[in-house]
Every structure is written in C-alpha cells, then in structure tokens.
Amino acid sequence: MSEMKIVSGNYASAYGAKLSRAEVVAAYPITPQTEVVEKIASLVAEGEMDAEFIKVESEHSAMAASIAASNTGARAYTATSAHGLALMHELLMWASGARLPIVMTNINRAMGPPWSVWADHHDTLAQKGTGQLQFFCENNQEVLDSVIMAYKICEDEEIMLPGMIVEDAFILSHTKEPVEIYDQELVDDFLPPYDPDYKLDVDQPLGFGSLGMPDWYMDFRYKIFEAMEKVPDKVEEVNKEFEEVFGRDPGGLIEEYKTDGVDVLIVTMGSISSTSKDVIDELREEGHNIGLARLRTFRPFPVEKFRELIKGVNVVGVLDRNYTFGHGGDAAREIKDAIYGYHDPIVKDYIVGLGGRDLTPKILKNIMEDAISLQDKGLDEEIEWVDLKINQERWRR
Amino acid sequence: MVLLNMIEIRFHGRGGQGSVIASELLARAAFAEGKDVQSFPMYGVERRGAPVTAFTRVDENVVRDKSKIHTPDIVIVLDMALLDSVDVTEGLKPDGKVILNTGKPPEDIDLGIDNPKYTVDASEIAVKHGLGSKVAPIVNTAILGAVVKATGIVDIDTLVEVIREHAPAKKEENAKAAKEAYEKVRGE
C-alpha cells in the first residue's frame with residue numbers, strides 16, 4: 001500500500017533510491033546531503049533495502065565506485081552537494097562518456113568562499129556540460145518521483161546516460177512535508193530491472209574505457225549527441241507513463257502554469273517555482289496576463305519546447321538562482337539561445353536568492369511587476385541583481 | 001478548528017531543547033487532522049545551547065510558499081533567556097499569540113506589545129516527567145501541549161497520539177508532559 005509520510009527532501013531522495021531498487025550506493029557525506037546517506041545506510045543495515053552500501057573516502061571515489069558498479073550491470077545511486085559535486089567533476093564526464101546510467105541527487109548549495117551551506121544553483125549548473133541529465137525539483141514529492149523516473153529515462157537503451165536530481169538546500173532538503181511513498185509493486189511494474197547489453201562479466205570478458213583514436217573519438221561523441229537529442233521526447237513519454245501509473249504529473253520538460261496566451265512569462269527553476277505560483281495567482285486576479293514556466297529539465301535544454309511556449313509572449317522574466325561567472329545567469333542565456341531567430345520578446349534576467357537569500361512572495365511580486373512594466377517601458381537592464389543590500393528597499397517594499 | 005488562512009508558527013529555542021522536533025510534531029498533528037503542512041528549521045550552525053529557530057505552516061489548502069516565515073501568527077519561546085538576545089516577536093501579526101516557557105503569570109511578562117500571551121512552566125513539567133535534566137530540560141512536548149490549548153490549532157488528543165507515535169524517545173513521558181502543560185497553561 002502506498003503511504004503518505006511527512007519527510008524531508010533528503011529522505012524523499014533516499015526512499016526514491018530504495019523504491020528504485022538501487023543495488024549499489026557509494027556516497028560521502030556533506031552538508032546538506034548527509035541525511036540522504038544516513039537514511040540509506042540505515043535502510044540497508046535494517047535489511048529494508050537490498051543494496052551494497054560502500055563507504056568511500058571522497059566524492060571523487062563515490063562516483064568512481066558508482067561507475068565500477070554500473071559497469072557490472074548494477075543499478076547505482078549516489079548523492080552529494082556543492083564542493084562534493086565539484087570534486088566529482090572528472091568522473092561525471094567519465095560516467096557519461098562510458099554511457100553509464102548512474103542516478104544521483106545533488107542538493108543545490110552555494111560554492112565557497114565565502115563558505116555557505118545554503119541554496120544556490122551554481123554547483124549544478126557548473127556541471128551542465130558533463131553529459132549528465134539534470135532535473136530540478138519543486139517539492140519533496142517531485143524529488144522522490146524524479147529519482148524513479150530518472151532511472152527509467154537514463155537506462156533507456158536509446159539514452160544510456162547518467163542523470164542528476166536536483167533539490168534546493170534546506171528549502172527542500174531539510175523541510176518536511178507530506179510525500180506519498182509508493183507501494184513497491186507499483187514501482188516495480190513501472191521500472192524494470194537494469195539489464196544492459198554490455199557489462200563487466202568474468203565469464204564473458206570485454207574491454208571498457210579503452211583508447212579512442214582520432215578516427216573514432218568524434219563518432220563516440222556524436223552518439224552522445226544523438227542520445228541527448230532523443231532525451232526530450234523520452235522525458236515527456238516517461239512523464240506521461242508515470243502519471244498513468246501513479247496519478248501525478250511531475251511536469252516533464254517544462255511545467256506550464258497558466259501559460260495559455262500570456263503576455264508575460266516568468267521562468268523559474270526549483271523551489272522558487274512553488275512560491276511563485278501563489279504570486280502568479282495573485283497577479284492574475286489583479287488582471288495581469290501572466291503565467292509561469294517551470295524549467296524542470298535543464299539538461300538537455302528543452303529548446304523546442306521554449307520555442308513553442310514563447311510564441312506571442314511580449315516579456316520573458318527569467319529568475320536565475322545562479323550567477324555562473326561571465327554574463328548573467330544560465331537559464332536566461334540558454335533561453336535566448338533557444339529562441340534566437342524564432343521569436344524576439346524582451347528577455348530580462350533577474351539574479352535572485354544566491355547563497356540561500358530568502359525569496360518572499362513580496363520580492364517575487366516586485367520582480368513580476370517589474371517584468372510586466374517592461375511591456376510599456378521596454379528593457380531597462382538586461383541583467384538585474386535582486387534584493388542586494390544596495391537595493392533591498394526597492395525589492396522588499 | 002476552521003482554518004481560513006494559512007497559520008504560520010515560529011519556534012525560538014536553544015540547541016538541545018527540541019525546537020525542530022516540536023515544529024515537526026505540530027505539523028504531523030495538523031496533517032493527521034487533514035491539513036497540508038510544512039516544517040523546517042532555520043539552519044545555521046546548530047550546536048547545543050545556541051539559539052535555534054524552527055517553523056511550521058498549516059493550511060487547509062496546499063502550502064506552496066517556500067520562503068521563511070516573517071509574519072508569524074504564533075510565536076513559541078522555549079527559553080526565556082532568548083528574550084535578551086533575539087527579537088522573538090519580530091513580524092508577529094497584530095492578533096498573533098505568544099506562548100512562553102516560564103513559571104510567571106502572563107501579566108508579569110513585558111514583551112513591549114499588546115498581543116495575547118500565554119505561559120506555562122514547561123521546564124518544570126519536563127523535569128517532572130524525566131525529560132532531560134534540571135539544567136537542560138527537553139521542553140518541546142510540554143510547550144506543545146500549551147500551544148494546543150492556547151491556539152486550538154489541533155485537538156490535544158491528536159497531538160498526544162502523534163507524540164506517542166513519533167517522539168524520538170520516552171514516548172509516554174512526552175505524551176504526559178504535553179497533557180499536563182495543556183491543563184496548566186495560563187493566559188486569556
């Protein structure tokens with residue numbers, strides 16, 4: 001029987017791995033991810049989860065062990081955060097190059113210095129080029145749902161790539177809310193065991209990770225490109241199937257919240273989206289034609305979907321909980337790239353909530369009203385930092 | 001109790017008093033009564049004795065707000081010494097209630113505001129039931145009993161049942177502490 005439990009985002013991740021019957025879990029603790037590892041360790045110790053739990057000495061080793069496990073044909077899971085993810089960087093690319101569908105949870109946390117343990121998307125987005133699929137979650141239920149779905153997407157024989165479930169530090173990881181923990185049989189019907197065509201097997205020895213000469217390497221990369229191109233359809237397909245089985249729509253590539261025929265479109269990622277929906281409702285009641293697109297799948301970037309969604313929109317206001325050094329936030333930049341040559345709305349990038357700075361409904365409303373005002377006055381600033389000490393008066397009024 | 005709007009609750013305590021567990025138990029009780037809930041700590045550098053803040057949201061509708069609680073309906077103070085260093089009533093709604101852990105009657109407490117105040121000696125009740133020590137009593141379940149009486153946010157029987165199921169240790173003692181504080185709270 002499925003059961004409603006009050007659990008944190010961290011426990012939702014752990015239950016997601018358990019329900020997915022992850023067979024090998026190698027992880028190293030880091031705030032705010034520690035509870036994921038603790039919970040899995042205790043589930044394994046109590047015999048509730050049939051998995052090999054490997055204690056490792058670093059995140060680099062956690063991903064290395066996951067790679068080895070996945071190479072033997074085992075379903076592998078790990079979790080980390082911020083500096084831990086950065087330490088994994090080399091092996092994130094190995095996992096994708098080796099076409100290993102390892103699923104991990106990354107608890108979004110700001111990179112130091114200054115030292116911080118709070119929510120910020122920079123850690124995840126800095127890994128956007130590593131070949132990992134990236135799914136940003138809005139609430140704890142979606143965290144659990146996304147772990148299960150990620151295995152189904154990543155292990156598809158046309159995809160065979162690793163994936164990351166992304167949840168905001170503390171706002172999800174340590175916040176407890178009701179989550180439906182599904183019946184194991186239901187999950188088993190949805191997610192078949194992992195059974196790759198090629199694996200490490202002493203009876204049938206094969207070589208893995210060998211040299212790719214210049215006349216071959218590029219073609220292997222093209223294969224990954226082809227797989228990535230297939231991911232958007234696969235995400236929507238698995239999302240639909242998930243909805244049929246579990247009666248819940250996690251949002252696919254982009255969750256469209258009241259977006260039909262809107263003049264102003266707000267784009268959010270992660271937990272900000274949840275608070276933003278309350279604000280969207282308020283503004284619509286006040287007569288504004290505004291809607292919200294929650295960017296759930298950041299990798300691969302849902303280019304086609306944005307082209308459809310932004311057709312006829314006057315202003316796109318993008319809330320980036322990241323500043324990836326260079327020029328503004330990642331989501332706004334990718335959206336502009338996606339719609340170039342197709343549509344020409346005003347696109348404004350709002351840098352928000354870095355290092356866990358709180359995003360209240362009031363601040364979000366001020367941002368959205370600013371986006372609405374651009375329809376008349378035109379684009380003032382391409383990139384604006386919101387709620388800094390130097391401009392707090394404006395955004396908190 | 002009929003909830004028309006979301007109820008936001010803020011706990012002020014010290015590491016070791018059980019503020020975070022209290023925010024969670026209250027959420028569980030409201031959830032058991034069919035409400036949507038959210039419970040979260042203000043995470044900083046938690047350690048025994050340091051000021052801790054925890055939050056609970058309760059609503060008839062889905063709780064979508066994931067920001068911190070800035071304008072609480074209910075403020076709960078587990079340690080009176082915090083009044084010297086923390087502005088516990090910051091942002092409290094004009095009709096918001098304050099529940100304090102003290103042996104003094106409410107009229108003897110000056111918070112500089114006119115909001116309704118309730119007091120209970122949760123430390124004494126906790127010690128009596130063997131929860132923590134005299135120097136460091138674990139007062140979370142006792143104060144919750146007082147909160148339930150003062151606010152009617154959930155039924156006392158629901159709270160007691162939730163404590164019996166989810167208190168990390170000494171379940172029966174915690175349940176008794178909550179019931180005793182429910183009877184002994186003073187104010188309004």
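Remember, predicted model here, so these are calculated numbers, not experimental data. (Residues numbered from 1 in each chain as written. Chains lettered and ligands numbered in written order. Predicted model: local features only at pLDDT ≥ 70, side-chain atom pairs only at ≥ 80, totals over all residues. Heavy atoms only, no water.)

Draft legend 1. The overall build of chain A, seen in detail. Counting its regular elements, chain A contains 13 helices and 15 strands. Taken against the 2.2 N^0.38 rule, which gives 21 Å for 397 residues, the C-alpha radius of gyration of chain A at 21 Å falls within 12% of a compact globule. The dimensions of chain A, computed from C-alpha atoms along their principal axes, are 70 × 50 × 45 Å. Taking all 397 residues of chain A together, 60% fall into the buried category. (Helix = DSSP H or I, 4+ residues; strand = E, 2+ residues; numbered from the N terminus. Rg over C-alpha atoms; globule rule 2.2 N^0.38 Å. Buried < 20%, exposed > 50% of the residue type's maximum accessible area, 1.4 Å probe, protein only.)

Draft legend 2. Quick look at the interface of chain A and chain B. Taken together, the contacts link 27 residues of chain A with 17 residues of chain B. Buried surface at the junction of chain A and chain B, summed over both partners, amounts to about 1800 Å²; 55% is from carbon and sulfur atoms. Together, A:Ile6, A:Lys176 and A:Asp358 form the three largest contributors to the area buried by chain A at its contact with chain B, with a combined 30%. The interface formed by chain A and chain B contains 4 salt bridges. Across the pair B:Arg64 and A:Asp281 runs a salt bridge whose closest N-O atoms are separated by 2.7 Å. For the side of chain A that touches chain B, the elements supplying multiple residues, two or more each, are strand S1 (3–7), strand S8 (177–181) and helix H9 (272–285) of chain A. Ranked by residue count, the leading element in the side of chain A that touches chain B is H9(A), at 5 residues. (Contact = heavy atoms within 4.5 Å. Buried area = accessible area lost by both parts, 1.4 Å probe. Salt bridge = Lys/Arg side-chain N within 4 Å of Asp/Glu carboxyl O.)

Draft legend 3. Here's a closer look at the domain arrangement of chain A. Residues and elements named next belong to chain A. Along its sequence, chain A is organised into domain 1 (3–246) and domain 2 (254–396). Distance between the C-alpha centres of domain 1 and domain 2: 28 Å. The contact between domain 1 and domain 2 buries some 2200 Å² in all, and 54% of this surface belongs to carbon and sulfur atoms. The largest contributions to the domain 1 side of the interface with domain 2 come from Lys128, Phe136 and Glu138, which together make up 29% of the buried area. The interface formed by domain 1 and domain 2 holds 6 salt bridges in total. (Domains from an automatic or database assignment.)

Draft legend 4. Just the packing of helix H3 (residues 140–151) of chain B against helix H5 (residues 171–184) of chain B, in detail. All names here are of chain B. Running from N to C, H3 and H5 point in directions that differ by 40 degrees, and their axes come no closer than 7 Å. Viewed along their axes, H3 and H5 adopt a mutual orientation that is oblique. Read as a crossing pair, H3 and H5 show a hand that is right-handed. Every residue of H5 that contacts H3 at Asn140, Thr141, Ala142, Gly145, Ala146, Val148 and Lys149 is listed here: Asn174, Ala177, Ala178, Ala181 and Tyr182. Residues that form the contact of H3 with H5 fall into these classes: 7 nonpolar, 4 polar and 1 charged. (Axes fitted to C-alpha atoms, helices over the stretch in contact; angles between N-to-C directions. Parallel < 35°, antiparallel > 145°, perpendicular 65-115°, else oblique. Left-handed = near helix turned anticlockwise from the far one by under 90°. Nonpolar A, V, L, I, M, F, W, Y, C, P; charged D, E, K, R; others polar.)

Draft legend 5. Quick peek at the packing of aromatic side chains. All names here are of chain A. Considering all chains together, one arrives at 14 aromatic pairs over all chains under this definition. Judged by centre distance (6.1 Å) and plane angle (75 degrees), the ring pair of Tyr182 and Phe242 falls under edge-to-face. With Tyr182 in the loop between S8 and helix H7 (184–190) and Phe242 in helix H8 (residues 214–246), the pair connects residues that are 60 residues apart, well separated along the chain. Exposure remark for Phe242: the relative accessible area of 0% places this residue in the buried category. With 5.4 Å between their ring centres and 85 degrees between their planes, Tyr323 and Phe325 make a pair best called edge-to-face. With a relative accessible area of 23%, Tyr323 lands in the partly exposed category. Residue class for Phe325 comes out exposed when judged on its relative accessible area of 69%. Ring pairing ties together the aromatic residues Phe136, Phe298, Phe301 and Phe306, which thus form one cluster. Note that Arg75 overlies the ring of Tyr151, its terminal NZ or CZ placed 5.2 Å from the centroid. The ring of Phe190 has Lys152 lying over it, and the distance from NZ or CZ to the ring centre is 4.6 Å. (Phe/Tyr/Trp six-rings, centres within 6.5 Å; stacked < 30°, edge-to-face > 60°. Lys NZ or Arg CZ within 6 Å of the ring centre and 35° of its normal.)

Draft legend 6. Representation of a negative patch on the surface. A cluster of acidic side chains, namely A:Glu3, B:Glu33, B:Asp155, B:Asp157, B:Glu161 and B:Glu165, defines a negative patch on the protein surface. Positionally, B:Asp155 belongs in the loop between H3 and helix H4 (156–166). (Patch = residues over 30% accessible without salt bridge, like charges linked within 9 Å, V, L, I, M, F, W, Y side chains within 5 Å. Areas by Shrake-Rupley, 256 points an atom, 1.4 Å probe, with all protein chains shown as cover. Lys, Arg positive; Asp, Glu negative; His and termini not counted. Charge placed at Lys NZ, Arg CZ, Asp CG, Glu CD.)

Draft legend 7. A look at the pairing of strand S7 (residues 163–168) of chain A. Residue and element names in this part refer to chain A. Burial analysis of S7 places 6 of its 6 residues in the buried class, which makes it a mostly covered element. Residues Gly163, Ile165 and Glu167 point to one face of S7 and Met164, Val166 and Asp168 to the other, with burial holding for every one of them. Bridging between strand S5 (residues 103–108) and S7 involves 6 bridges; their strand directions are parallel. For Ile107, the partnering residue across the bridge sits in S7 and is Glu167. (Pairing = 2+ DSSP bridges.)

Draft legend 8. Layout of the environment of A:Ser273. Along the polypeptide, A:Ser273 turns up in helix H9. In contact with A:Ser273, not counting residues within four places along its chain, are A:Glu138, A:Thr268, A:Leu292 and A:Arg294.

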